[in-house]
Amino acid sequence: MHDTADPATDRDNADILHQRVLTLFCEALEVNEAQPMDVLETLAAALGKVYREVADAHMPPRHCVCGWQPSAYADVHALQYALARAALPAPLSSLALSPVIGHA
Ligand SMILES: [Zn+2]
């Protein structure tokens, strides 16, 4: 994640996004009378679509001027890492996020 120079601003922005996503989740749960995991999977898919749209805007022929160069596998891995770090309880999180040692 690209942080600003002010950690408090980063935290505030993250809190605002969290509240907005939580509001969307609650609305979808209520309106659709859906199960929590169904709504969460739909939200995760929506985030993936946002990634794809933003990445496409940074590739030929569109080339956004900001200079970011998408790398789909590394970027999706970073998104998975962020999801796991935020979602898993601390002991599981540290196990799930530790580097894989050796190869099968
Ligand atoms: Zn850009």
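Above this text you will find the structure in question.
We now turn to the structure provided with this report. If you're wondering where the values come from, they're calculated on a predicted model, not measured in any experiment.

## A few points about the overall build of the protein chain
- For the protein chain, the helix and strand inventory stands at 4 helices and 0 strands.
- When the 104 residues of the protein chain are sorted by exposure, 0% land in the buried category.

## A word on helix α2 (residues 36-56)
- When the terminal C-alpha atoms of α2 are compared, their 30 Å separation across 21 residues agrees well with the 30 Å that a helix rising 1.5 Å per residue should span.
- Among the 21 residues in α2, 0 count as buried, and that is only a small part of the element.

## Side note on unusual backbone geometry
- Note the cis peptide between proline 60 and proline 61, where omega equals 5 degrees.
- Along the chain, the position of proline 61 falls in the loop between α2 and α3 (72-87).
- At glutamate 33, a residue that is not glycine, the phi angle is positive and equals roughly 45 degrees.
- Its place among the elements puts glutamate 33 in the loop between α1 (7-32) and α2.
- Backbone geometry at histidine 63 places phi at a positive 45 degrees, although glycine is not the residue there.
- Tracing the sequence through the fold places histidine 63 in the loop between α2 and α3.

## What about the packing of α1 against α2?
- Between α1 and α2, the shortest axis-to-axis distance is 10 Å and the interhelical angle comes to 130 degrees. Of the possible angle classes, the one that applies to α1 and α2 is oblique. For the element pair α1 and α2, the recorded crossing hand is right-handed. Contacts between α1 and α2 involve Val21, Leu24, Phe25, Ala28 and Leu29 from the first element and Pro36, Val39, Thr42 and Leu43 from the second.
- Classifying every residue of the contact of α1 with α2 gives 8 nonpolar, 1 polar and no charged.

Cut-offs used in this document
- Residues numbered from 1 in each chain as written.
- Predicted model: local features only at pLDDT ≥ 70, side-chain atom pairs only at ≥ 80, totals over all residues.
- Helix = DSSP H or I, 4+ residues; strand = E, 2+ residues; numbered from the N terminus.
- Buried ≥ 20, exposed ≤ 12 C-beta atoms within 10 Å, placed from the backbone.
- Expected span 1.5 Å × (residues − 1).
- Axes fitted to C-alpha atoms, helices over the stretch in contact; angles between N-to-C directions.
- Parallel < 35°, antiparallel > 145°, perpendicular 65-115°, else oblique.
- Left-handed = near helix turned anticlockwise from the far one by under 90°.
- Contact = placed C-beta atoms within 7 Å.
- Nonpolar A, V, L, I, M, F, W, Y, C, P; charged D, E, K, R; others polar.

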